[in-house]
Amino acid sequence: MRSALLPVIAAVCLFLAGVFILNTQLWYSSRAESLGGARYAANNINLILDEAFRATRVATDIANKGCNPEGQYQLGTEAALQPHLRTIVIVKSGAIWCSSLPGNRILLSQIPPMEARNLLLAPARETSNGQPILIYSTQLTASRILVTISDQHIRGALNVPLKGVHFALRVGESTIGMSGDVVSGNARYSGQISSTKYPFSIVYNQPPLFSLQRMITRGFGILLFLGVISIVTAYVLGKYLNKEMTPEEMLRRAIANGEIVPFYQMVVNGREGTLRGVEVLARWKHPRAGYISPASFIPVAEKSGLIVPLTRSLMAQVVDNMNAIESKLPEGFHVGINFSASHIAKPDFVDECLRFKDSFHRKDLNLVLEVTEREPLHVDEDLVQRLNTLHENGFVIALDDFGTGYSGLSYLHDLHIDYIKIDQSFVARVNADPDSTRILDCVLDLARKLSLSIVAEGVETKEQLDYLNKNDITFQQGYYFYKPVKFTELIKILLSKPKVKVIVE
């Protein structure tokens, strides 16, 4: 489930990151375009007001000379020649003195007070034709010149072809847009630039931070590309995460994740039925497959070199387990752990074992170092010295799976061995047939002659138990007594203080 979900999450995150970057770029681009459009509109208004300024100079000369028919004709001609002007009016003593319209008429219903400003937006109610206008005013010593500009010319100057952006002219507190009358304020507009030449501003609505429509209309190709890249990423990542791992890779990950856990195989006094110790066995607690037998992964661990970190992980867990139940352990309790030849050959093996011993709270535990025969053990002076050092520090040395591996009889001759563990393949041959014990008889005879103690593995039947007791094989283990159990089951067994005479399922 996790392997399937992760590629989807990664693809979604990649797509969202791409959308975020694309939206940000388009937003900045739209802001720049809106600002450019506002500057363009402001320049248009400046050009119109330049016309009004030039017309004002003509009107100033007339105001100084006098408003005769010739002067009125000049005002009319100037208004006609300037493409964006509507009327030119000279006001004296609060009344129309001269106008570009015949009969000194004016389109304003009343002459507005300009105060200190030279620009004014007059709403439709203040004009005779019901259309708003822009007034450019110049105050002279004894007169005032008014130049009016039609709303159509204003709207034409504001008509910048940018989709979704609306521009308006703002003079003082009054605003006129592409439609409608003059209004007060500019609450609907978030952007503004001011003219450096005349007292007006161009206001406009800035683009929203996020716009799906903007991304679709202006970035559809990139969105499509992001979608394809995200799908490809999910596919590739899914393939990678769900690729078939090698057994070595799977085991390495299992060790790192703490999935290799100790199980405990009881060692029993076969004659008395009392619990004398445990052998530590490895089990793979797979998250989906459950517990996996060591026969499936120990050979992989030995071949790949992972047997060393695997054993170290077990040692740490065994210390924690035994310390947790120290008060429940019988006196002289045996704890046996298998060590491979490659682990024993490590330079720090002796120090590692001594640290292992010192980690137990109970100092009367018998720690059994079981040397497995599954790998060839290079016996030299250094190896003998290592095992002797451990033996002198209280470790018991046992030869595991005797008779099935590489040693033959050389290990018994060269090493200080305390126990040999008779492999279950020999014990399994014992049955009611008198000839079934011949091989095992020879092994037992050899052990007696070498003064070696014996632990019998794989005891499963009453006939096998009786044979081993008859031959004074004290320590036994097998399904006849107990199956290997996890730590929680070991606690239950110790609390029950059993006398073992039956199979515990």
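It should be noted that the structure appears before, not after, this text.
S.K.: Please set out the environment of Ala 295 residue by residue, giving values where relevant.
M.R.: Mapped onto the fold, Ala 295 is located in the loop between β13 (290-292) and α6 (298-304). Judged by relative accessible area, Ala 295 falls into the exposed class, the value being 63%. Ala 295 sits 12 residues away from Arg 283 along the chain, and the two C-alpha atoms are 9.4 Å apart.

S.K.: An account of the packing of aromatic side chains is requested, with residue identities and associated values reported.
M.R.: Summed over the entire model, instances satisfying the criterion amount to nine aromatic pairs. Judged by centre distance (5.0 Å) and plane angle (65°), the rings of Phe 263 and Tyr 291 are edge-to-face. In this pair, Phe 263 sits in strand β11 (residues 260-269) while Tyr 291 sits in strand β13, placing the two residues 28 residues apart along the sequence. The buried category is assigned to Phe 263, whose relative accessible area is 9%. When its relative accessible area of 38% is taken as the criterion, Tyr 291 is described as partly exposed.

S.K.: Outline the sheet that holds strand β9 (residues 191-194), supporting the account with residue identities and numerical values.
M.R.: An order of β8-β7-β6-β10-β9 is seen for the five strands of this open sheet, with the pairing classed as antiparallel. Two strands in the sheet have a free side with no partner beyond their single neighbour: β8 (183-184) and β9. Judged from the two bridges that link them, strand β7 (residues 174-176) and β8 form a sheet pairing that is antiparallel. In the sheet register, Ser 174 faces β8, and the bridge partner there is Ser 184.

S.K.: Give me the lowdown on the pairing of strand β5 (residues 144-150), citing residues and values where you can.
M.R.: Counting buried positions along β5 gives seven out of seven residues, so the element sits mostly inside the fold. Taken together, the seven bridges between strand β4 (residues 133-139) and β5 define a ladder with antiparallel strand orientation. Bridging from a neighbouring strand, Tyr 136 pairs with Val 147 of β5. Here β4 hands over to β5 after four residues, the two strands then running antiparallel side by side.

S.K.: Explain the pattern of salt bridges to me, using residue names and the numbers behind them.
M.R.: Counting across every chain of the model gives 16 salt bridges. Lys 197 is the salt-bridge partner of Asp 50, the closest N and O atoms lying 3.0 Å from each other. With Asp 50 in helix α1 (residues 2-65) and Lys 197 in the loop between β9 and β10 (201-204), this pair connects stretches of sequence that are 147 residues apart. A relative accessible area of 14% means that Asp 50 is categorised as buried. In this structure, Asp 364 and Arg 362 form a salt bridge, with 2.8 Å as the shortest nitrogen-oxygen distance. We classify Asp 364 as partly exposed; its relative accessible area is 30%.

S.K.: Any details on unusual backbone geometry? Residues and values, ideally.
M.R.: Positive phi is not limited to glycine here, since Ser 93 has a value of about 55°. Position of Ser 93 relative to the elements: it lies in the loop between β1 (85-92) and β2 (95-99).

S.K.: Got a sec to walk through the nonpolar core? Specific residues and values, please.
M.R.: Met 266, Met 322, Leu 369, Ile 420 and Leu 490 are the most contacted members of the largest nonpolar core, which totals 62 residues. For Leu 490, the contacting residues outside a window of four places in its chain are Tyr 264, Met 266, Val 278, Met 322, Ile 325 and Val 485. Ranked by size, the runner-up nonpolar core spans 39 residues in total, among them Ala 42, Ala 52, Ala 63 and Ile 149.

S.K.: Got a sec to walk through the sheet that holds β1? Specific residues and values, please.
M.R.: Pairing within the open sheet is antiparallel, and its five strands lie in the order β2-β1-β5-β4-β3. If you trace the sheet from one side to the other, it starts and ends with β2 and β3 (119-122), each paired once. Neighbour-to-neighbour, the strand axes of this sheet turn through a mean angle of 30°, independent of strand direction. Relative to β2, β1 runs antiparallel, the two sharing four bridges. Within β2, the position partnered with Val 89 by the bridge is Ser 99. The sheet strands contacting helix α2 (residues 69-81) are β1 and β2, and the helix crosses β1 at an angle near 150°. Of the strands in this sheet, β3, β4 and β5 are in contact with helix α3 (residues 151-158), which crosses β5 at around 60°.

S.K.: Please give an account of α3 that cites residues and values.
M.R.: Buried within α3 are the following residues: Asp 151, Ile 154, Arg 155, Ala 157 and Leu 158. Here the buried residues of α3 occupy an arc of 155° about the axis, which is enough to place them on one side. Its side-chain oxygen placed 3.1 Å from the backbone nitrogen of Gln 152, Ser 150 serves as the N-cap of α3.

S.K.: Give me the state of the cysteines: which residues, what numbers.
M.R.: A complete count under the given rule lists one disulfide for this structure. A sulfur-sulfur distance of 2.0 Å marks the disulfide that ties Cys 67 to Cys 98. Here the disulfide of Cys 67 and Cys 98 is right-handed, its torsion about the S-S bond being about 65°. In this pair, Cys 67 sits in the loop between α1 and α2 while Cys 98 sits in strand β2, placing the two residues 31 residues apart along the sequence. Its relative accessible area of 0% is what places Cys 98 among the buried residues.

The rules behind these values
- Sequence order as written defines the numbering, with residues in each chain counted from 1.
- Only residues with pLDDT of 70 or above have their local features reported here, since the model is predicted, and side-chain atom pairs are shown and tallied only from 80 upward, although totals for entire chains, interfaces and linings are computed over all residues.
- Side-chain numbers here rest on the full set of heavy atoms in the structure, without hydrogens or water.
- Only DSSP runs of H or I reaching four residues or more are called helices, and only runs of E reaching two or more are called strands; each is numbered from the N terminus.
- Burial here depends on accessible area, computed with a 1.4 Å probe over protein chains only, as a share of the maximum for the residue type. Under 20% is buried, over 50% is exposed, and the range in between is partly exposed.
- Aromatic rings from Phe, Tyr and Trp, with only the six-membered ring used for Trp, were paired whenever their centres fell within 6.5 Å, and each pair was classed as stacked if the ring planes differed by under 30 degrees, edge-to-face if by over 60, and tilted otherwise.
- For two strands to be treated as a pair, DSSP must find no fewer than two bridges joining them.
- The term salt bridge refers to a side-chain nitrogen of Lys or Arg lying within 4 Å of a carboxyl oxygen of Asp or Glu.
- Residues grouped as a nonpolar core are buried Ala, Val, Leu, Ile, Met, Phe, Trp, Tyr and Cys residues, joined through side-chain atoms within 4.5 Å.
- Any two residues whose heavy atoms approach within 4.5 Å at even a single point are treated as in contact.
- Every angle, taken between N-to-C directions, lies between 0 and 180 degrees, and every axis is a line fitted to C-alpha atoms, over only the stretch in contact when it is a helix.
- The arc refers to the directions leading from the helix axis to the C-beta atoms.
- Contacts described as polar in this section are N or O atom pairs within 3.5 Å, which, within protein, must combine one atom able to donate a hydrogen with one able to accept it, while residues neighboring in sequence count only if both atoms come from side chains.
- Criterion for a disulfide: a pair of cysteine sulfur atoms within 2.5 Å.

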